[in-house]
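# Report on the structure
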Amino acid sequence: MVESSVLGFPRIGAFRELKKNTEAYWAGKIGADQLLAVGKEIREKNWKLQKEAGVDIIPSNDFSYYDQVLDLSLLFNVIPDRYTKFDLPQLDVLFAMGRGLQRKATESTKAVDVTALEMVKWFDSNYHYVRPTFSHSTEFKLNGQKPVDEYLEAKALGIETRPVLVGPVSYLYLGKPDKDSLDLKPISLLEKILPVYTEILQKLAAAGAKEVQIDEPTLVLDLPEEVQSAFKTAYDILAKAEGLPKLVLTTYFGDVTPNLAAIKNLPVSGFHFDFVRAPQQFDEVVSILSGEQTLSVGIVDGRNIWKNDFSKSIAFVKKAIEKVGAEKVVVATSSSLLHTPVDLENEKKLDAEIKNWFSFATQKLSEVVTIAKAVSGADVSSALEANAAAVKSRKESDLTNDAAVEARLSKIDKSLSTRKSPFPERLTVQKAKYNLPLFPTTTIGSFPQTKDIRINRNKFAKGEITAEQYEEFINSEIEKVVRFQEEVGLDVLVHGEPERNDMVQYFGEQLKGYAFTTNGWVQSYGSRYVRPPIIVGDVSRPKAMSVKESVYAQSLTKKPLKGMLTGPVTCLRWSFPRDDVSQKVQSLQLSLALRDEVNDLEAAGVTVIQVDEPAIREGLPLRAGQERSDYLEWAAESFRVATSGVRDDTQIHSHFCYSDLDPNHIKALDADVVSIEFSKKDDPKYIQEFSNYPNHIGLGLFDIHSPRIPSKEEFVARIGEILKVYPADKFWVNPDCGLKTRGWEETKASLTNMVDAAKFYREKY
Ligand code: GLN
Ligand code: ZN
């Protein structure tokens, strides 16, 4: 029998149990015991679900209370000193590193004030990991044994699992030096970190684990020479250690072939490749297998929700069997299923036809099992027939194709994607029109999404309050936000986005061509989950989506009010996209819909308009080459199609976050003002890179993922640092990102200090 395997399962619980309890713990409403018990329950459910589905190789240590990379940092003692000096329990150290911690002293505990570590996108996904941060003083040693504990926990339930660890090369390469050690190259720590890998692997073997899944996803990136050669060094050393389990080296999200030399001849028991994303690598990667090495065929998509096409997958796996023999082939998910919602069965409102096209994590379990059975000669004919019917129904559905959208798309040309005048001319008219002070202050759009907002949104969704009552409520929230911004003295105001459940979902719900889930949550970071809408067909905008709220907000104030939209690339990236047309086509369809919205805002008198593109960097193909340059072109074109229909005196803003952004990539968008997340960038070189950015720019001054309040002096110091290299007349003052996850108290305090710091510099300049 060919075996089936799952690389990781969502850990949030079918009904977001982990989020609810984690946040209750942070709020002091439940104790650590209760949170830990919830984690245990989720793990147990997940293992049993996989066992019952018939999955042969079930993962453990894929669970985390915050992030699996952060778990490893804690396990290996990669904990900057600033987190250890408060005598916090381990769990709190974990959360402090993930989200920062600011706590007044009590009789029994010290005051705590520490910022979070940097959080960045996990490859090209919308998951974020906490970046390991190394110092010269980092001393690797084992702190506990989470992977062993979880392995034993499953074993006690009678379930044999394969523990998962991020491998040493990827772990180091995904990290960065801490501010006190900027000259340190993390990969140079390889030989120092291997003993702790050896130790944890030995413990796993001693506990009974026969095989461990070692994730080395960096193999799909362009790697510098010293990182490529690190694989051989690392795995040769591990192979020499005594008492280790077998290691299966796992790669995903792309093509490994450019780094094939780095993993050829590695002493591991097998390899996993992602053939959903990169089927073309098949011949080359298979050719490196030697002797007994197994081939795990990633064929069930861990990143999207479309039902697997069994006939295609079975043919693919059969090809693998022919090459290497059935006893060495494993049928697997392409990556961890972390990136997909938990269970389609919990969707009660989806149209039955559309629902039949989807497969969530739970359904994907049976997919790997069915494919494995099919290639082993078992009779699964009824499953195959049902699958073929679903695939056909989707292909032929009217919901998929819209001739009018396709016609409009074919007419996109240069005139549609170019502003009327170049930036310097626009700047002149905008200066005259808005008359903003030096160091203009603004925010990124959202204000705290309070419990009250969520309650009212739910009531409206359930029909417990009328549309008029809901609108009245939203208007009162908008008014509160506008009044606060006037009070604190911000210059360009926002309406606060209280009507939006999520920046993509909100627009998706109003666009034709989209489907939605009611419970399709996916972890984005920590306790923040998103419910990506699903692009099922050609996209268009039946009517205005955001004009009413922005116009109302503008009516309340004489200051410029910034209309707020989500850009085409972000709408695409944060949705589950179609897999039957290109991303470019989907993005341009979205850009036409947004263009109409931008033009409607302008016509209604909202003439500062921000089109957010936080996902633009994450969409960048992982490797340099044609695909990447094409992407940069169509991503920028999409933004410009959306924003170029306006007058010169309409000021277009954009916003980016979560990534190491290349200023050259955003130039092509030609936005008048951009704001970027910046508060955790310590490397002065990075500031330097942005000083050549031609248009105006706000470098984010505080971390909005953390409740911590920076003082005015901190803002003054930070701005001072930046102004050493950055031209004052281009400089906007703003936070890193929107404030929706924050509370009002810290929002008020932080923004007050930020505005005070801007005023301080206005007097100096
Ligand atoms: N305008 C959005 C907000 O303020 C932007 C969010 C984001 O960039 N992720 O919430
Ligand atoms: Zn942002």
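Residues numbered from 1 in each chain as written. Chains lettered and ligands numbered in written order. Predicted model: local features only at pLDDT ≥ 70, side-chain atom pairs only at ≥ 80, totals over all residues. Heavy atoms only, no water.

Surrounding the zinc ion (ligand 2) are the protein donor atoms H655 (NE2), C657 (SG) and C737 (SG), which sit 2.0 to 2.3 Å from the metal. Considering all four donor atoms around the zinc ion (ligand 2), the spread of angles at the metal, 95 to 121°, places the coordination shape in the tetrahedral class. Of note, the zinc ion (ligand 2) draws all its donor residues from one chain, in the sequence arrangement H-x1-C-x79-C. Relative accessible area serves as the criterion here: at 2%, H655 is assigned to the buried category. (Donors = N, O, S within 2.8 Å, 3.2 Å for Na, K, Ca; no water. Tetrahedral: all angles 85-135°; square planar, octahedral: opposite > 155°, others 65-115°. Buried < 20%, exposed > 50% of the residue type's maximum accessible area, 1.4 Å probe, protein only.)

With that settled, consider the pattern of salt bridges. One pass over the full model with this rule turns up 46 salt bridges. Here K512 and D402 are joined by a salt bridge, their closest N and O atoms 2.7 Å apart. In this pair, K512 is assigned in strand β15 (residues 512-515) and D402 in the loop between α14 (381-396) and α15 (403-410), connecting sequence segments 110 residues apart. Here E479 and R483 are joined by a salt bridge, their closest N and O atoms 3.8 Å apart. Placement of both E479 and R483 in helix α18 (residues 467-488) is noted, with a separation of four residues, approximately one turn of the helix. Look at R483 and you get partly exposed, because its relative accessible area is 32%. The network of salt bridges with shared partners includes R43, D71, K146, E150 and E153. (Salt bridge = Lys/Arg side-chain N within 4 Å of Asp/Glu carboxyl O. Helix = DSSP H or I, 4+ residues; strand = E, 2+ residues; numbered from the N terminus.)

Moving on, we come to the packing of helix α26 (residues 712-723) against helix α27 (residues 744-764). Where α26 meets α27, the axes come as close as 8 Å, and the angle between the chain directions of the two elements is 50°. In terms of orientation, α26 and α27 fall into the oblique class. In the crossing of α26 with α27, the sense of the turn from one axis to the other is right-handed. For the pair formed by α26 and α27, the contact residues are K712, F715, V716, I719, G720 and L723 on the first element and S750, N753, M754, D756, A757, F760 and Y761 on the second. When grouped by side-chain class, the residues that make up the contact of α26 with α27 number eight nonpolar, three polar and two charged. (Axes fitted to C-alpha atoms, helices over the stretch in contact; angles between N-to-C directions. Parallel < 35°, antiparallel > 145°, perpendicular 65-115°, else oblique. Left-handed = near helix turned anticlockwise from the far one by under 90°. Contact = heavy atoms within 4.5 Å. Nonpolar A, V, L, I, M, F, W, Y, C, P; charged D, E, K, R; others polar.)

We now examine the UniProt feature "domain: Cobalamin-independent methionine synthase MetE N-terminal" (unreviewed entry) in the chain. UniProt annotation of "domain: Cobalamin-independent methionine synthase MetE N-terminal" (unreviewed entry) refers to residues 4-322 when read in the numbering used here. Helix makes up 39% of residues 4-322 and strand 15%. Its end C-alpha atoms lie 17 Å apart. (UniProt positions renumbered as here; feature names shortened; annotations may be inferred.)

So, on to the pairing of strand β22 (residues 673-676). Neither face of β22 is left uncovered, since the one carrying V673 and S675 and the one carrying V674 and I676 both have all their residues buried. In terms of strand pairing, strand β21 (residues 651-656) meets β22 through four bridges, oriented parallel. Across the sheet, the residue bridging to H655 is S675, located in β22. Note that β22 and strand β23 (residues 696-699) share four bridges and pair parallel. Looking at the pairing, V673 lines up with H696 of β23. A crossover links β22 with its parallel partner β23, the connecting element being helix α25 (residues 684-691), and its sense is right-handed. (Pairing = 2+ DSSP bridges. Right-handed = clockwise from strand over helix to strand, strands pointing away.)

A separate point is the packing of aromatic side chains. Overall, the coordinates contain 37 aromatic pairs when judged by the stated rule. With a centroid separation of 6.4 Å and 50° between ring planes, the pair formed by Y761 and Y765 is classed as tilted. Lying over the aromatic face of W26, R99 brings its terminal NZ or CZ to 3.6 Å of the ring centre. Looking at R394, its charged tip hangs above the ring of W306, at a distance of 3.5 Å from the centre. (Phe/Tyr/Trp six-rings, centres within 6.5 Å; stacked < 30°, edge-to-face > 60°. Lys NZ or Arg CZ within 6 Å of the ring centre and 35° of its normal.)

Moving on: the nonpolar core. For soluble globular proteins, nonpolar side chains are generally found buried alongside one another. Counting 132 residues, the largest nonpolar core has F76, Y171, Y235 and I263 as the members making the most contacts within it. At nine residues, helix α7 (residues 190-207) tops the list of elements feeding residues into this core. Taken together, domain 1 (3-8 + 45-79 + 117-396) and domain 2 (406-764) each give at least three residues to this core, which thus spans both. Setting aside residues no more than four positions away along its own chain, Y171 makes contact with V69, L72, S73, F76, V78, P132, F134, V166, I193 and Y197. In terms of nonpolar packing, the next biggest core, distinct from the first, is built from 85 residues, L572, V598, I616 and C657 among them. (Core = buried A, V, L, I, M, F, W, Y, C linked by side-chain atoms within 4.5 Å. Domains from an automatic or database assignment.)

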